[in-house]
Amino acid sequence: GRWFVNSQVHITLVGVAIVYHLLAALNIHSLAADSLSMAASVALVAALVWLHVFLKTLGEVALLSYFNIAVNVALLCTVVAASLERPPASPPRTALVASDAFAFGSAFASFGFAYGVHPVLPSVRASMRSPRLYPRTVVASMAGTLLFYLPISAVCYARYGDAVRSPVMDTPPLAGSPAVRIVTAAITAHLVLSYPLLAITPEAALEGLLRVESRAAPLLWRIGVRSAFVAFTAAVALLVRTPERFGPLLDLVSSCTSTFTVFLLPSAFYLKLRGVRGMHPLEVAWNGLIVAFASVGAVFGTLDAIDALAKSV
């Protein structure tokens, strides 16, 4: 059981790192007005994130989180303001309830991905000077994620309907906004700076497995392991490489990894630790609903992502 959980945590972080690498490269390719090839954009991102190989612990990159929060706030304000300022070319097509089960799976995967980096929180706790503040950190991070996602999703869908793209900055009326382009550049910096926060945890686990610290020249071993990690995310990003495949890749990563670490395993462990017999029936039903809802969303999200990737080949 512990092996399965640890594997899911590290696979989730690796998957999110790949998505970050790809999105940063797509943003650079777009900002360069196609003067820089996609392969060169992927290589440039790899060169930038490679510098994290000299860092040893998560605490050494903790200060980057403040910049990341500022970028997310700027993104929220800019996208909402630009969407209200720039009307669609034609009336938006919206639906209160989607009848397509695969659309539900895609939406579920997208929101699940928002919490996909939460497996790094235990590592954050281990590096905190005051671990007693950890509960507040968790509540603040989860509430902040919700506040960043919901307003953008609601406003942009109400404004543009089914024409909203992933990422949202590529939605046609927003793509030409100078403010959105500036924020896109800031997001790219955010993605590059967030990469170490994702990569260090699985890299440290692999280094522990290889007993890097007990070997001769541990720094060289660490550089080698982390360079291989960067090369892997770059190779996958180069394989996907197009904006049309970004959304399906994100959904696939979320459906196959985040579903377990965000929804299924926490509910299952909670039921196990509390004991079903000692719980209120409504509490049991709520956790059962989470498991059922997440299972259905993961299945349809995976199928929809695989179908979209297959059609893009």
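Quick caveat: nothing in here was measured; it's all calculated off a predicted structure.

*Asks:* So what exactly am I meant to see when it comes to the side chain of Arg222 here?
*Replies:* Structurally, the position occupied by Arg222 is in helix 9 (residues 218-240). We classify Arg222 as buried; its relative accessible area is 7%. Only 2.6 Å separates the side chain of Arg222 from the side chain of Glu213, close enough to count as a polar contact.

*Asks:* Explain helix 4 (residues 101-114) here, please?
*Replies:* Note on helix geometry: an α-helix contains 3.6 residues per turn, so any two residues three or four positions apart are oriented the same way. Here helix 4 is 14 residues long and its end C-alpha atoms lie 21 Å apart, about the 20 Å a rise of 1.5 Å per residue gives. Of all the positions in helix 4, only Gly105, Ser106, Phe108, Ala109, Gly112, Phe113 and Ala114 are classed as buried. Buried positions along helix 4 lie against helix 1 (2-31), helix 6 (134-160), helix 10 (243-274) and helix 11 (281-312).

*Asks:* What exactly am I supposed to notice about the packing of aromatic side chains here?
*Replies:* Describing an aromatic ring pair means giving the distance of the ring centres and the angle of the ring planes. Applying the stated criterion across every chain, the model contains 5 aromatic pairs. Ring centres 5.2 Å apart and planes at 35 degrees place the aromatic pair Phe108 and Phe263 in the tilted group. Of this pair, Phe108 sits in helix 4 while Phe263 is found in helix 10, placing the two residues 155 residues apart along the sequence. Assessed through its relative accessible area of 8%, Phe108 is described here as buried. Centre to centre, the rings of Tyr195 and Phe229 are 6.1 Å apart; their planes meet at 75 degrees, and the pair counts as edge-to-face. Of this pair, Tyr195 sits in helix 8 (residues 178-209) while Phe229 sits in helix 9, and the two are 34 residues apart along the sequence. The structure contains a cluster of three or more aromatic residues connected by ring pairs, namely Phe108, Phe263 and Phe293.

*Asks:* Which parts of the structure should I look at to understand the environment of Val80?
*Replies:* Note on placement: Val80 falls in helix 3 (residues 64-85). What makes Val80 buried here is its relative accessible area of 19%. The spacing of Val80 and Ser153 is 73 residues in sequence and 9.3 Å in space, taken between C-alpha atoms. Beyond its immediate sequence surroundings of up to four residues, Val80 is in contact with Pro151, Ile152 and Val155.

*Asks:* Whenever I open this one, the packing of helix 4 against helix 6 confuses me. Can you help?
*Replies:* Packed helix pairs are characterised by how far apart their axes lie and by the angle those axes make with each other. The contact between helix 4 and helix 6 brings their axes to 10 Å, and the two run at 145 degrees. Across the interface between the two elements, Ser110, Phe111 and Ala114 of helix 4 pack against Thr145, Tyr149, Leu150 and Ser153 of helix 6. In the contact of helix 4 with helix 6, the residues fall into 4 nonpolar, 3 polar and no charged.

*Asks:* I tried to follow a nonpolar patch on the surface on my own but got confused; where do I start?
*Replies:* Side chains of Phe111, Leu146, Tyr149 and Leu150 sit close together on the surface and give an oily, nonpolar patch of about 340 Å² of accessible area. Here the nonpolar patch gets 3 residues from one element, more than from any other, and that element is helix 6. Given the relative accessible area of 42%, Leu146 is considered partly exposed.

*Asks:* Explain helix 6 here, please?
*Replies:* The end-to-end C-alpha separation of helix 6 is 39 Å, in line with the 39 Å expected for 27 residues at 1.5 Å each. Every buried residue of helix 6 is listed here: Tyr134, Gly144, Thr145, Ile152, Cys156 and Tyr160. Downstream of helix 6 by one or two residues, Gly161 has phi in the positive range, about 60 degrees.

*Asks:* Is there a simple way to explain the packing of helix 1 against helix 2 (residues 38-49) in this structure?
*Replies:* At a minimum axis separation of 8 Å, helix 1 and helix 2 run at an interaxial angle of 125 degrees. Our classification of the angle between helix 1 and helix 2 gives oblique. Seen from above, helix 1 lies across helix 2 with right-handed handedness. Contacts between helix 1 and helix 2 involve His21, Leu22, Ala24, Ala25, Leu26, Ile28 and His29 from the first element and Met38, Ser41, Val42, Leu44, Val45 and Ala46 from the second. For the contact of helix 1 with helix 2, a count of residues per class yields 10 nonpolar, 3 polar and no charged.

*Asks:* Whenever I open this one, unusual backbone geometry confuses me. Can you help?
*Replies:* The bulk of non-glycine residues show a negative phi, and the bulk of peptide bonds are trans. One non-glycine residue, Arg211, lies in the positive phi region at around 55 degrees. Looking at where Arg211 falls in the secondary structure, it is placed in the loop between helix 8 and helix 9. Its relative accessible area of 63% is what places Arg211 among the exposed residues. A positive phi angle, close to 55 degrees, is found at Ala217, a residue other than glycine. Checked against the element boundaries, Ala217 lands in the loop between helix 8 and helix 9.

*Asks:* I tried to follow the confidence of the model for the chain on my own but got confused; where do I start?
*Replies:* Predicted confidence across the chain gives a mean pLDDT of 85, with 96% of residues reaching 70 or more. Mean pLDDT values over the elements of the chain span from 73, in helix 5 (residues 121-127), up to 94, in helix 2.

*Asks:* What is the right way to look at the nonpolar core in this model?
*Replies:* Side chains of a nonpolar character, in soluble globular proteins, are inclined to be buried together. The biggest cluster of nonpolar side chains holds 50 residues, and the ones touching the most others in it are Leu22 and Ile152. Listing elements by their share of this core, those giving two or more residues are helix 1, helix 2, helix 3, helix 6, helix 8, helix 9 and helix 10. Residue contributions to this core peak at 14 residues, all from helix 1.

Calculation notes
Sequence order as written defines residue numbering, which begins from 1 separately in each chain. The predicted nature of this model means local features are confined to residues of pLDDT at least 70 and side-chain atom pairs, given and counted, to a pLDDT of 80 or more, with totals for whole chains, interfaces and linings taken over all residues. With hydrogens and water set aside, each side-chain value is computed from the structure's full complement of heavy atoms. Helical segments are the DSSP runs of H or I of at least four residues, strand segments are the runs of E of at least two, and each set is numbered from the N terminus. Three labels apply to residues, based on accessible area from a 1.4 Å probe with only protein chains included: buried if under 20% of the type maximum, exposed if over 50%, partly exposed otherwise in between. N or O atoms closer than or at 3.5 Å make up a polar contact, with two conditions inside protein: a donor-capable atom paired with an acceptor-capable one, and, for residues adjacent in sequence, both atoms drawn from side chains. Given the number of residues in a helix, its expected span is that number minus one, multiplied by 1.5 Å. Only heavy atoms enter the contact rule, under which two residues are in contact if any of them lie within 4.5 Å. Two aromatic rings from Phe, Tyr or Trp, using only the six-membered ring of Trp, form a pair when their centres are within 6.5 Å; if the ring planes differ by under 30 degrees the pair is stacked, by over 60 it is edge-to-face, and anything between is tilted. Lines fitted to the C-alpha atoms define the axes, with helices restricted to the stretch that makes contact. Angles between their N-to-C directions range from 0 to 180 degrees. Side-chain classes follow a simple rule in which Ala, Val, Leu, Ile, Met, Phe, Trp, Tyr, Cys and Pro form the nonpolar group, Asp, Glu, Lys and Arg form the charged group, and the remainder, Gly included, forms the polar group. Here, patches come from residues exposed beyond 30% relative accessible area and free of salt bridges, joined within 9 Å for like charges and within 5 Å for nonpolar side chains (Val, Leu, Ile, Met, Phe, Trp, Tyr). Only the protein chains shown count as covering a residue, and every accessible area follows the Shrake-Rupley method with a 1.4 Å probe. Salt bridge, as used here, is a side-chain nitrogen of Lys or Arg placed within 4 Å of a carboxyl oxygen of Asp or Glu. Angular relationships are summarised with four words: roughly parallel below 35 degrees, roughly antiparallel beyond 145, roughly perpendicular across 65 to 115, and oblique for the angles in between. Take the far helix as your reference; a near helix turned counterclockwise from it by less than a right angle gives a left-handed crossing, and one turned clockwise gives a right-handed crossing. What pLDDT expresses is the predictor's confidence in each residue, scored from 0 to 100. Think of a nonpolar core as a cluster: buried Ala, Val, Leu, Ile, Met, Phe, Trp, Tyr and Cys residues, connected wherever their side-chain atoms sit within 4.5 Å.

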